[in-house]
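So you can see what is in the structure, the chains are spelled out below.
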Amino acid sequence: MIRIAVVGSGMLVHEIMPMLKEMPQIHVQVLVGTKRSADTVHALQEQYAIPEAYTDYDRMLADKRGQLDLVYLATPNYTHFELAMKAIDAGFHIFIEKPLTLSLSEAEQIFSKAREKGVIALEAISNRYLPVCEVLKRELKRAGQIKYVSLNFSQYSSRYDRFMAGEYFRVFDAAAGGGALLDLGIYNIHIAAFLFGRPAKTVYCPNIIRDVDVSGVMLMDYTDFKVVSVAAKDCQGDNGLLIEGTDGYFKLSDTLNSMNAPLIFHDRKTGEDIVLSEGTGEHRMTAEFRTIEQIIQKKDVLQVEERQSESMLAMHMLQGIH
């Protein structure tokens, strides 16, 4: 079992607390918010019987040094770098919600500092911890020569109507790391990076409202085949992935942060549909917390390096957008 501090009090924390409460290998020892969110923090503390709550992050780091195994950051995107660096400097392992940071330079600094301090720093990107991704990569050769890939994560934001009416939300503030690409498209980018590596060229065509991308299409050119990634917060679409090759295609129909649906391969030659993986029925983030617990317990340096390399590749792809 590992003892963790959950930092944040927004929608994501409300979503995952019931899940974490049911994981025997995870003990949420501390919940951290801000003075402005104090009422929410204390309500969550009481609801989930969390032993300690703080509204001062720096104080928590000082008080809990040596008493926690992991700090999990579920805070706004623009805060990730500063909060992660403080935790690493204090000697804590750190699990940082996607996107890891807002720049390649910041990501490099986080991983470099973690190596220097001898702690683990990883990006919490749910789909890359799901077993279906490993199955897909292992079975990819079934499709023959890949020609076309479609990745679609379109999810009408619960805040979009109010944003359009003039309200301010950080998720629709580009300067704060908001927008469709960093919120939803990052999942598509991680899948492409894991399966195919770094593209020769990347182009992003966004739909912009009030200086932020509310939706957009990203083309990743792998020379011999193309990947089209759709991410949208202003419309709802047919979510999932489609990978087409000379010998058949793979299809999975679910949001690409969850992928909790059957992975099907259609064999062009036989006409057969083969189910390669079933949905697990678990919460979409269970696998990543199970994995980070195992990494910490086993001191799995090799897996840390592999996952850090994947996150750096995703950051390179974001920085290389034209």
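Above this text is the structure in question.
Residues numbered from 1 in each chain as written. Predicted model: local features only at pLDDT ≥ 70, side-chain atom pairs only at ≥ 80, totals over all residues. Heavy atoms only, no water.

**What to know about the overall build of the protein**
Across its full length, the protein holds 10 helices and 14 strands. A compact globule built from 322 residues should have a C-alpha radius of gyration of about 20 Å, and the protein, at 20 Å, falls within 12% of that. Overall size of the protein, expressed as C-alpha extent along the three principal axes, is 60 × 50 × 35 Å. With 322 residues in all, the protein has 57% of them scored as buried. As displayed, the protein offers around 14,200 Å² of accessible surface, 49% of which is attributable to carbon and sulfur atoms. With 34 positive and 42 negative side-chain charges, the protein shows a separation of 3 Å between the mean positions of the two kinds. (Helix = DSSP H or I, 4+ residues; strand = E, 2+ residues; numbered from the N terminus. Rg over C-alpha atoms; globule rule 2.2 N^0.38 Å. Buried < 20%, exposed > 50% of the residue type's maximum accessible area, 1.4 Å probe, protein only. Areas by Shrake-Rupley, 256 points an atom, 1.4 Å probe, with all protein chains shown as cover. Lys, Arg positive; Asp, Glu negative; His and termini not counted. Charge placed at Lys NZ, Arg CZ, Asp CG, Glu CD.)

**Looking at helix α5 (residues 104-117)**
Between its first and last C-alpha atoms α5 spans 20 Å; for 14 residues at 1.5 Å apiece the expected length is 20 Å, and the two agree. Turning to α5, its buried residues are L104, A107, I110, F111, K113 and A114. Note on α5: the residue one or two positions beyond its end, G118, has a positive phi of about 70°. (Expected span 1.5 Å × (residues − 1).)

**Side note on the layout of surface pockets**
In this structure, the largest pocket spans a volume of roughly 1,600 Å³. G10, M11, A74, T75 and P76 are, among the 49 residues lining the largest pocket, the residues nearest its centre. Within the residue set of the lining of the largest pocket, elements represented by two or more residues are α1 (11-21), α3 (57-63), α4 (80-89) and α8 (180-196). The biggest single contributor to the lining of the largest pocket is α1, with 4 residues. Taken together, the residues that form the lining of the largest pocket break down as 18 nonpolar, 18 polar and 13 charged. If you list the elements that add at least two residues to the lining of the second largest pocket, you get α5, α9 (286-298) and α10 (301-319). Ranked by the residues each element gives to the lining of the second largest pocket, the list is headed by α10, at 4 residues. In terms of residue class, the lining of the second largest pocket is made up of 6 nonpolar, 4 polar and 4 charged. (1 Å grid on protein atoms, 1.4 Å probe; cavity = no way out; pocket = protein on both sides within 12 Å on 5 of 7 lines; lining within 4 Å. Points joined across faces, edges and corners; volume = space filled by probe spheres on them. Nonpolar A, V, L, I, M, F, W, Y, C, P; charged D, E, K, R; others polar.)

**Some points on the sheet that holds strand β2 (residues 26-32)**
With respect to topology, 6 strands assemble into an open sheet ordered β3-β2-β1-β4-β5-β6, the strand pairing being parallel. Edge positions in the sheet fall to β3 (52-54) and β6 (121-124), since each of these pairs with one other strand and no more. With strand direction ignored, the average angle separating the axes of adjacent strands in the sheet is 25°. Bridge analysis of strand β1 (residues 2-7) against strand β4 (residues 70-73) gives 4 bridges, and the strand direction is parallel. In the strand pairing of β4, A5 is matched with V71. (Pairing = 2+ DSSP bridges. Axes fitted to C-alpha atoms, helices over the stretch in contact; angles between N-to-C directions.)

**Side note on the sheet that holds strand β13 (residues 263-267)**
If you walk across this open sheet you meet the 8 strands as β8-β9-β10-β7-β11-β12-β13-β14, and the pairing is mixed. Edge positions in the sheet fall to β8 (201-209) and β14 (273-277), since each of these pairs with one other strand and no more. Put simply, the sheet's adjacent strands are angled 15° from each other on average, direction ignored. One ladder, built from 6 bridges, connects strand β7 (residues 146-154) with strand β11 (residues 240-245); its direction is antiparallel. Its bridge partner being in β11, L151 is matched across the sheet by L241. Contacts from helix α6 (residues 131-139) reach β11, β12 (248-252), β13 and β14 within the one sheet, and its direction differs from that of β14 by about 130°. (Contact = heavy atoms within 4.5 Å.)

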